[in-house]
Amino acid sequence: MRERHVSELLAEVFRRGGLKRGVRRAEAVLLWRRLVGPELAAFSAAKVLRDGVLYVNVSDSETAMHLSMERQRFITAYRERYLVTDVREIRFQVGKLDESEHVQPAHAPPAPDPGDLQRLTRALTTLDLPDDVERGVLAAGRSLLALQAARRALGWTACPCCGVLHDGALQPETLREAALREAQRHDIDVELGREFCLACARYAKEARVVALARTLQATPLAVTAGVSDEELAVARHLAGRALDAQLATLLPAAVSDQRLAGRLAAVARARLALRHGRPPATFTLEDIATLDARIAQLLAITGVGE
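Residues numbered from 1 in each chain as written. Predicted model: local features only at pLDDT ≥ 70, side-chain atom pairs only at ≥ 80, totals over all residues. Heavy atoms only, no water.

A. Seen up close, the overall build of the chain. The secondary structure content of the chain amounts to 14 helices and 5 strands. Across the 306 residues that make up the chain, the buried fraction comes to 38%. By sequence separation, contacts in the chain at least 24 residues apart represent 59% of the contacts at least 6 residues apart. Summed over all atoms, the accessible surface of the chain reaches about 17,500 Å², with 53% contributed by carbon and sulfur. (Helix = DSSP H or I, 4+ residues; strand = E, 2+ residues; numbered from the N terminus. Buried < 20%, exposed > 50% of the residue type's maximum accessible area, 1.4 Å probe, protein only. Contact = heavy atoms within 4.5 Å. Areas by Shrake-Rupley, 256 points an atom, 1.4 Å probe, with all protein chains shown as cover.)

Spelled out as structure tokens, the structure:
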């Protein structure tokens with residue numbers, strides 16, 4: 001196996017294990033020992049990648065100064081050898097190298113979900129990783145899953161776009177939110193700020209993501225070149241919300257005016273196409289019933305949607 005594929009394999013392991021968002025931070029830490037070799041790894045240990053800065057603990061200040069002079073070489077090696085582009089700076093600091101020296105918490109954290117851990121382990125066994133990388137990936141995966149379990153216990157919820165756990169729903173109500181609630185008004189930015197993680201909430205405000213969401217409402221299977229997977233997931237979710245809102249408005253209107261039944265059927269099929277990735281015309285009344293039985297019943301009565 002060529003070394004340049006290690007980063008790709010790590011990404012695949014974390015994707016299969018449901019930990020895609022953490023892979024960029026984890027892989028830089030895991031690859032440090034391989035990047036610098038056993039001699040430097042004996043007195044240096046990468047700890048965390050935060051905002052593009054990789055923090056590395058070293059045994060003493062002299063070592064920190066020496067390695068700081070070589071940091072650009074390490075950054076270049078990350079990019080050229082492992083295709084890791086998120087490391088923009090490296091900071092060396094005197095600190096503990098052995099994690100076993102850390103003081104254990106008084107109360108054990110929640111254990112990782114057994115199903116999640118099994119999926120991660122199964123994904124790991126299908127890849128031909130070097131032993132040292134495999135051990136590091138499994139250890140990092142266990143830590144991330146334990147963190148997820150702890151956050152779930154605190155009431156964190158999964159972002160509907162990327163699945164990352166976040167505490168948006170737990171944040172105290174702001175004065176603006178209180179005023180909107182009292183006035184019985186809705187604000188999509190407020191709602192998405194509670195529903196989405198911070199990253200996906202930012203994507204939801206980008207002009208190209210908003211434009212793509214509008215396109216997907218009308219053409220659910222439109223080609224989506226030029227956007228990231230994360231941006232596409234947000235655009236699809238926004239399009240789904242908009243189509244759901246249209247259905248909620250059209251259904252009672254079509255009951256009063258059956259001339260709107262055709263439009264109702266078209267929107268229902270667009271919503272199913274967005275969800276299942278099939279052309280709208282392939283969906284039957286039975287399919288529409290899985291979306292909303294009331295819509296299927298109305299379309300059957302009016303003879304629309306057969």
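B. Layout of the side chain of threonine 63. If you trace the backbone, threonine 63 turns up in helix α3 (residues 61-68). Among the residues examined, threonine 63 registers a relative accessible area of 13% and is labelled buried. Beyond its immediate chain neighbours, meaning those up to four positions away, threonine 63 contacts Phe43 and Val58.

C. Representation of the pattern of salt bridges. All told, the structure shown has 9 salt bridges when counted by the stated rule. Residues arginine 241 and glutamate 195 are paired through a salt bridge, measuring 2.8 Å at the closest nitrogen-oxygen approach. Taken as a pair, arginine 241 in helix α11 (residues 229-256) and glutamate 195 in helix α8 (residues 188-195) lie far apart in primary sequence, 46 residues in all. The partner of aspartate 292 in a salt bridge is arginine 294, with the nearest N and O atoms 2.9 Å apart. Residue aspartate 292 is classed as buried on the basis of its relative accessible area of 18%. Members of the salt-bridge network, linked through shared partners, are Glu191, Glu195 and Arg241. (Salt bridge = Lys/Arg side-chain N within 4 Å of Asp/Glu carboxyl O.)

D. Structural view of the nonpolar core. Among the nonpolar cores identified, the biggest contains 40 residues, and Phe196, Val234, Leu238, Leu264, Ile288, Ile295 and Leu299 are the most heavily contacted of them. At the level of secondary structure, the elements contributing two or more residues to this core comprise α9 (198-203), α10 (207-218), α11, α12 (261-276), α13 (285-291) and α14 (293-302). Dropping the residues within four chain positions of it, leucine 299 is found in contact with Ala261, Leu264, Ala265, Leu285, Ile288 and Val304. (Core = buried A, V, L, I, M, F, W, Y, C linked by side-chain atoms within 4.5 Å.)

E. Just the side chain of serine 44, in detail. Mapping serine 44 onto the fold places it in strand β1 (residues 44-50). Here the side chain of serine 44 touches tryptophan 32 through a polar contact of 3.1 Å, side chain to side chain. Only 2.7 Å separates the side chain of serine 44 from the backbone oxygen of leucine 40, close enough to count as a polar contact. What serine 44 contacts, discounting residues up to four positions off in sequence, is Trp32, Val56, Asn57, Val58, Leu67 and Leu97. (Polar contact = N/O pair within 3.5 Å; in protein donor to acceptor, adjacent residues only side chain to side chain.)

F. Highlighting the confidence of the model for the chain. Mean pLDDT over the chain: 81, with 84% of residues reaching 70 or higher. The secondary-structure element of the chain with the lowest mean pLDDT is helix α1 (residues 6-16), recorded at 52, while α12 shows the highest, at 96. (pLDDT = per-residue confidence, 0-100.)

G. Structural detail: the pairing of strand β2 (residues 53-58). Counted residue by residue, β2 has 6 buried out of 6 residues, so it is predominantly covered. Residues Val53, Tyr55 and Asn57 point to one face of β2 and Leu54, Val56 and Val58 to the other, with burial holding for every one of them. The sheet contact formed by β1 and β2 spans 6 bridges and is antiparallel. The partner of arginine 50 across the bridge, within β2, is valine 53. If you look at the hairpin formed by β1 and β2, you'll find 2 residues sitting between the two strands, and aspartate 51 has a positive phi there, around 55°. Of the pairings in the sheet, the one linking β2 to strand β3 (residues 89-94) comprises 6 bridges and is parallel in character. (Pairing = 2+ DSSP bridges.)

H. Summary view of helix α7 (residues 175-182). Those residues of α7 that fall on the buried side of the exposure criterion are Glu177, Ala178 and Leu180. End-on view of α7: buried residues confined to an arc of 165°, all on one side of the axis. Opposite the buried face of α7, by more than 90 degrees, sit the exposed residues Leu175 and Glu182. If you follow the buried residues of α7, they end up packed against α8. Taken from the residues just after α7, glutamine 184 is the one with a positive phi, measuring 55°. (Arc of directions from axis to C-beta.)

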